[in-house]
Every structure is written in C-alpha cells, then in structure tokens.
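Given next are the chains, with one letter for each unit.
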Amino acid sequence: MTTIIDARMRLPQELRVRPSYEVPPRQAEQYDRVLDLGRKINEGTLHDLLTTMDGEGIGHAVVHAESEGGESAQALNDALLALLAAHPGRFSGVGAVDLHPLWPTRIATQVATASASGLLGISVQPAFFGLDIDDRALYPMYSRAEELGLVVALHTGVTYSRMHPMRHERPELLDQVACDFPDLKLVACHAGWPWVTELCAVARRHPTVYLEFGGLAPKYVAKAGTGWDALFTMMPNVLREQVLYGSDWPVMHPHRALAEWRQSGLPAAALQALFAGNAARLFGLKPEAFPGDTQ
C-alpha cells in the first residue's frame, strides 16, 4: 500500500509568527462557532503533527504558510523553511505572499524568492483582503508562478469571516485565471462549496485545476443532498485525476478524514488517486521515497 500524501496541513502554531497582529473578532467569531478553529489552531503543535502523521500512515505532508491578515509572509516562509530543513523528506512547503498592502511587483518578487528557496507553491486567500481571485493586481503573481512552475493554492467557497463577502471566490473568477494562465497549476482549496457544480465545470474545462478538501468532513461530501453531489459523482471518473486529499490539520483531524473517505464508497482506484497519486504528480513528489512507505 502506497503512503498517504496530505496535500494541505497548516504550519504548527508554535512556528507561526504574528507580529503585532490579532485577528479581528468579526473575522474569527463564526470560525470558532462552526469549526472551533481558535482552540484547534492553538493546540496544533509540531509534536501532535508528527505523531498524527506516523499514526495515520501519512508519509508526506504539504504544509501551507498562510497569511490571513497582518502576518509577515517572509517570517511565515522562514518558519516553514526551518520546518522543512529539520524534517527532510517528511514535508514540502507552500509559502505565502503579502497581500496587504498589495504591491504587484513585490508579490511577484516574493514568488521568485519562494521558488529559489525550494518551496513548491504559494497559498493566497484574496477574499480575506477584499480581492477577487481574478483581480488584475494579482496577475504579476500568477504570471511569475506560471513561469517558474509553482502551484498556486487559493481559498475557494464559503468563508466564515463576517467581514469579507463570499462573492470574491466564485468559480468563474478561477476560470478566468485558468484561461489567462493556461500552464499554471491551480488548487481550489476547500473545493468551492456552495458552488460545487460550477467548480466541477471549471475543473473539467481546465486539467490544470485541482480540487482539495481540507477542513471538510468527507461524510458530507459523500452524502446526497448536501450540495456535493456533482463532485462526488465525478470523483471516480472524469475528475479522478484532479482531486486532492487534504486535512487542513489541525482543523480536520486526519484520523477522521481518512476514515470517512474510506467509508465513502469511492472505489480503490479513486481513493489511491485522492490519497497520493494526484498530489505526487502535481507537486513532483516520489511517494516510494517517503519515510514509512510500505509499497
């Protein structure tokens, strides 16, 4: 059995740097009510992460250094790189860029720096900064990432921040970016609910678009009538090569997520693509080289 690749985990809390920045209450309050996010993030230690990976057979994880407001992207990226250096083979990294204040040339330069340091992509959440996914100020970032072969991971779908409207993340905006940058690999983090059918159409149009399920309970993805029907129906067939297992640890514990995926009714070939094959291809990873691989 091939080792599992978790395509989306968060940087452990003790490694994050938040200089003089506190999340505004209206951004955080509903996240805490719905996901208990504050507690989970604060309890998400490096020790817990490594123990979880060992216990669940996760041979490799792609850790995202996300900026959600006032954190320094460079500080987050430095912390991420330190994690990679301390645990070679266990982790790959997706870095951050500074979207506030937004200077298009600066974020393009930060993409180049991330690439030169060995990071495999960048993770951005435009809606948290009042930006559409296809805002033209982001285009230098997309262009440089496409040029350098980096993946761009974007928050899509529902956000529980009550400060930022959801309209910034509609699938047609991602479609526009995919049209304008046809060789850029894009990851729709959280898979775009409630616009699932539209996002399936975007992914079907663009083989460069991947859908990732971090922070979601798979049992609801597999349950009819929850709004995930189109995507779940396509996961074993036309979109099988474009879906990624991600936990968004510590938001969704891998023990629960993996168990629910295995109980979802997906055939073995679809689970293998979801758990490892697609992430390995997207990020250029070699699962057979990971620690703990039992292949």
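Residues numbered from 1 in each chain as written. Predicted model: local features only at pLDDT ≥ 70, side-chain atom pairs only at ≥ 80, totals over all residues. Heavy atoms only, no water.

**Q** Would you take a moment to explain the packing of helix H7 (residues 171-180) against helix H8 (residues 196-205) for this structure?
**A** What describes two packed helices is the angle between their axes and the distance between those same axes. Packing of H7 against H8 brings their axes to within 9 Å, and their N-to-C directions diverge by 10°. With respect to H8, the axis of H7 lies roughly parallel. Along its contact with H7, which presents Pro-171, Leu-174, Asp-175 and Cys-179, the element H8 presents Glu-198, Leu-199, Val-202 and Arg-205. Across the contact of H7 with H8, the residue classes break down as five nonpolar, no polar and three charged. (Axes fitted to C-alpha atoms, helices over the stretch in contact; angles between N-to-C directions. Helix = DSSP H or I, 4+ residues; strand = E, 2+ residues; numbered from the N terminus. Parallel < 35°, antiparallel > 145°, perpendicular 65-115°, else oblique. Contact = heavy atoms within 4.5 Å. Nonpolar A, V, L, I, M, F, W, Y, C, P; charged D, E, K, R; others polar.)

**Q** Explain empty space enclosed by the protein here, please?
**A** Empty space among the atoms becomes visible once a probe the size of a water molecule is rolled across them. Here the structure, examined in full by the defined rule, presents three cavities of 30 Å³ or more. Space inside the largest cavity adds up to approximately 40 Å³. Taken together, Ala-7, Arg-8, His-64, Val-94, Val-151, Ala-153, Val-187, Glu-212, Leu-244 and Phe-283 form the lining of the largest cavity. Contributing elements (two or more residues each) for the lining of the largest cavity: strand S1 (4-10) and strand S5 (151-155). Split into classes, the residues belonging to the lining of the largest cavity amount to seven nonpolar, one polar and two charged. (1 Å grid on protein atoms, 1.4 Å probe; cavity = no way out; pocket = protein on both sides within 12 Å on 5 of 7 lines; lining within 4 Å. Points joined across faces, edges and corners; volume = space filled by probe spheres on them.)

**Q** Can you help me understand the pairing of strand S7 (residues 209-212) in this one?
**A** A regular strand places its side chains on the two faces of the sheet in alternate fashion. Every second residue of S7 is oriented toward a common face, with Val-209 and Leu-211 on one face and Tyr-210 and Glu-212 on the other, all of them buried. Relative to S7, strand S6 (residues 186-189) is paired through four bridges, and the arrangement is parallel. For Val-187, the partnering residue across the bridge sits in S7 and is Tyr-210. One crossover worth recording links S6 to the parallel S7 by way of H8, and it is right-handed. The pairing of S7 with strand S8 (residues 243-244) spans two bridges and is classified as parallel. Bridged to Leu-211 within S8 is Val-243. (Buried < 20%, exposed > 50% of the residue type's maximum accessible area, 1.4 Å probe, protein only. Pairing = 2+ DSSP bridges. Right-handed = clockwise from strand over helix to strand, strands pointing away.)

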